[in-house]
Amino acid sequence: MSDSLAPPADPSRDRFFKLVQTYLDRAGVLADAPASVLTFLSQPKTALVLHFPVRMDNGEYRMFKGYRVQHSNILGPYKGGMRFHPDCSLDHFKALASLMTYKCALMDIPFGGAKGGIKFDPRSVSPKELEHITRRFFHALGSNIGPDYDIPATDMGTSPQTMAWAMDTYMNTTGVVTKQTVSAVVTGKPITSGGTHGRVSATGQGVVHCIVDWASRNHFELRGKRSIVQGYGNVGSNASVLLGGLGVSLVAVGDHSGYYKNPEGFNTHRLQQYVIANGSIKGYRNAEEISRNDFFGTEADIFIPAALEHQVDEAEARLLKVELVVEAANAPCTLAGEQELERRGVHVLPDLLCNAGGVTVSYYEWVQNRSAQRWTAADVENKLEIAMKDAFRRMHDFAADRDCNYRTACYAVALERLMATYADRGVFP
Ligand code: NAD
C-alpha cells in the first residue's frame, strides 16, 4: 500500500453496484427472498445522464455532466442525496441509489431509493459559478424530480445552500400557482427556507445513537475512549462533536487536505468551526500532520470513516487498532477489508443503519413541508432517537436469530419489507 494521501487504487471501484448486489444476494438466502424480487432490484428503474453548459466567471462556457439514478419507488417516492465530486460515475450512483432503497426499507420510511450529482470539484469554482451550476443542473432535471416523485437532498459536496438554490429553481420553473406547494421537492434546506430543525446534525447524531446502543449492548464504557475520524465535513464533524459530549476524545482526523493527530484530543467544536471557515483541516493549530498509514494505525477505540467509499481495504483493516468501526460514509469498507476486520474480531456497524439519521430527518422535513407544520428541535431529536433505536433492534434481533453479521441483517430486514410490499401489490399488469 502506498503511504500517500490518496486512497489506494481500488479494483472494486467500478464494481460498486455489484458489491451491493452481493450483500443483497447473501441476505436474500436468509430472508428466503423470491428470485423475482431479487431480479426486480437488480437494476435501477431509471438512470439519467445529463450534459449542460454553464457560463463561467471568465465568460467561457464549460460543459458539466450530471446524473440522477432512481433505483426503486416500490415503498414511496425516490429519495436520495446529490453529490458534487470529481470522482463519480454511473456505477457509483447506481450503487448509492440502491443503498438508499435498502436504507429507507430498513428504517421503515415510506421512500424509495435514488442518488445523483455532478462530476466536478465544487471547491474549484467561485460561489457565483456554484450557484449557476446548481441551478442549471436542477433545471435540466425538470420533471424528473418532484415532491411526490423524486426528492433530492444534501450529500458530499452539497449543503443547505445548494438545496435552497435547487428548491428555488424548481419553484420558479414549475408554475406560478403551485409554487408554494412544492417546497418538499428537496430536503436538507436551510431552516429559513423550509428546512427542519436537526437536519444538519442528523446523520452525525444517528451515528452517535448507534454507537451508544452498541456500547450499552457490549458493556463498553464510552467515557475516556478515543476516536479517529476520516472526513471532517457535515457527518464526521457533527458525530465528533456529539461524541465529545459523551467523553470520547478525537485523537486523529483526516480530510482531502491530509491527516493530523493530537494525542491530547482535538477541540472538536473549534475544529468544526475552523473547517467551515477554511474549507479543510489544513493549517489548524494544535495538530501534527501524519501520513495516511499512520492515521489508520493510530491507537484508538473507535474509527468513524465519514468520507468516501472503499477507504478500508485489506491493508487498512490490518493497520486499524480499534475495537469498533462505525460506517458513517456509504460503503467505506471493501469486501476484503470487511473480511479482515471480521477475522480480527473488530466490530462493524454498517452504513445502512449508521448513516440513516440523515434520510430519517429528511423524511421529517418532507412531512412538515407537506402538512405546513413546524416541529421543535426536541420533537425531531426524540423521533430520531426512537427511529434509530428501533432499527438497531430490528438489525440486532435478525442477526441474533439467524446467526449472521449486522450488514447481512440490515439487508435482510430491508428485503423482508420490500418482499412484503411486492407480495401485497404484485407486478403490473
Ligand atoms: P461533506 O462534503 O460535508 O464532507 C466530506 C468530507 O470527506 C470532507 O471532510 C472531505 O475533505 C473529506 N474527503 C473528501 N475526499 C477525501 C479523501 N480523498 N480522503 C480523505 N477525506 C476526504 O460530506 P458529508 O455530507 O459529511 O458526507 C460524508 C459521507 O457520509 C459520504 O459518504 C456521504 O455519502 C455520507 N452520508 C452523508 C449524509 C448527509 O446527511 N450528509 C447522509 C448519509 C450518508
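Note that the coordinates shown come from a computational prediction; the quantities given were computed from them, not determined experimentally. (Residues numbered from 1 in each chain as written. Predicted model: local features only at pLDDT ≥ 70, side-chain atom pairs only at ≥ 80, totals over all residues. Heavy atoms only, no water.)

### Here we look at the site of the ligand
If you check the shell around the ligand, you find 22 residues, and the closest are Arg 83, Asp 155, Thr 203, His 256 and Ala 307. With respect to the ligand, the backbone of Tyr 232 contributes an N or O atom lying 2.9 Å from an oxygen atom. Bound to the protein, the ligand loses 90% of the 830 Å² it would expose on its own. Looking at the shell around the ligand, the elements that each hand over two or more residues are helix H6 (199-217) and helix H7 (234-245). Considered class by class, the residues forming the shell around the ligand number nine nonpolar, eight polar and five charged. Counting only domains with at least three residues in the shell around the ligand, you end up with domain 1 (44-193) and domain 2 (202-354). (Near = heavy atom within 4 Å. Polar contact = N/O pair within 3.5 Å; in protein donor to acceptor, adjacent residues only side chain to side chain. Areas by Shrake-Rupley, 256 points an atom, 1.4 Å probe, with all protein chains shown as cover. Helix = DSSP H or I, 4+ residues; strand = E, 2+ residues; numbered from the N terminus. Nonpolar A, V, L, I, M, F, W, Y, C, P; charged D, E, K, R; others polar. Domains from an automatic or database assignment.)

### Observations regarding the packing of helix H1 (residues 16-30) against helix H11 (residues 335-343)
With their axes 11 Å apart at the nearest point, H1 and H11 run at an angle of 50 degrees to one another. Between H1 and H11, the crossing angle belongs to the class labelled oblique. Along the contact surface, H1 presents Leu 19, Tyr 23 and Arg 26, while H11 presents Leu 335, Glu 338 and Gln 339. Looking at the contact of H1 with H11, its residues break down into three nonpolar, one polar and two charged. (Axes fitted to C-alpha atoms, helices over the stretch in contact; angles between N-to-C directions. Parallel < 35°, antiparallel > 145°, perpendicular 65-115°, else oblique. Contact = heavy atoms within 4.5 Å.)

### Here we look at the domain arrangement of the chain
Domain annotation for the chain reports domain 1 (44-193) and domain 2 (202-354). Between the C-alpha centres of domain 1 and domain 2 the distance comes to 27 Å. With 12 residues of domain 1 at the contact, the number on the domain 2 side is nine residues. Summed over both partners, the interface of domain 1 with domain 2 buries about 910 Å², with 60% contributed by carbon and sulfur atoms. (Buried area = accessible area lost by both parts, 1.4 Å probe.)

### Let's talk about the pattern of salt bridges
Under the defined criterion, the tally for this structure stands at 19 salt bridges. Residues Glu 316 and Arg 292 are paired through a salt bridge, measuring 2.8 Å at the closest nitrogen-oxygen approach. Of this pair, Glu 316 sits in helix H10 (residues 314-319) while Arg 292 sits in helix H9 (residues 292-296), placing them 24 residues apart in sequence. Judged by relative accessible area, which is 1%, Arg 292 ranks as buried. (Salt bridge = Lys/Arg side-chain N within 4 Å of Asp/Glu carboxyl O. Buried < 20%, exposed > 50% of the residue type's maximum accessible area, 1.4 Å probe, protein only.)

### Observations concerning the sheet that holds strand S10 (residues 302-305)
In space, the seven strands of this open sheet follow the order S9-S8-S7-S6-S10-S11-S12, with mixed pairing throughout. Bordering the open sheet on either side are strand S9 (288-290) and strand S12 (347-349), each of which pairs with just one other strand. When the angles between neighbouring strand axes are averaged without regard to direction, this sheet yields 20 degrees. Bridge count between strand S6 (residues 226-230) and strand S7 (residues 249-255): five bridges; the pairing is parallel. What sits directly across from Ile 228, in S7, is Ala 252. (Pairing = 2+ DSSP bridges.)

### Details of the sheet that holds strand S3 (residues 78-84)
Spatially, S1-S2-S4-S3-S5 is the arrangement adopted by the five strands of the open sheet, whose pairing is mixed. Looking at which strands have only one partner, the edges of the open sheet turn out to be strand S1 (46-55) and strand S5 (150-154). Neighbour to neighbour, the strand axes of the sheet diverge by 20 degrees on average, direction disregarded. Sheet topology note: the S3/strand S4 (residues 113-118) ladder contains three bridges and is parallel. Across the sheet, the residue bridging to Phe 84 is Ile 118, located in S4. Helix-sheet contacts for helix H4 (residues 127-141) involve S1, strand S2 (61-72), S3, S4 and S5, and the interaxial angle to S1 is about 140 degrees. Along the sheet, helix H5 (residues 160-171) contacts S3 and S5; its crossing angle with S5, the most-contacted strand, is approximately 150 degrees.

### Brief notes about H7
Between the first and last C-alpha of H7 there are 17 Å, a value that for 12 residues agrees with the 16 Å anticipated at 1.5 Å per step. Buried residues of H7: Val 235, Gly 236, Ser 237, Asn 238, Ala 239, Ser 240 and Leu 243, and no others. (Expected span 1.5 Å × (residues − 1).)

### Topic: the side chain of Arg 83
Here Arg 83 is to be found in strand S3. Of the polar contacts made by the side chain of Arg 83, one reaches the side chain of Glu 309; its length is 2.8 Å. Residues within four places of Arg 83 in sequence aside, it is in contact with His 92, Phe 93, Leu 96, Gly 116, Gly 117, Ile 118, Asp 155, Met 156, Glu 309 and Asn 330.

### Things to note about the state of the cysteines
All chains considered together, the criterion is met by zero disulfides. For Cys 104, which is in no disulfide, the shortest distance to another cysteine sulfur is to Cys 410 and amounts to 13 Å. For Cys 104, a relative accessible area of 0% gives the class buried. Residue Cys 354 stays outside any disulfide, its sulfur separated by 4.4 Å from that of Cys 210, the closest cysteine. (Disulfide = S-S within 2.5 Å.)

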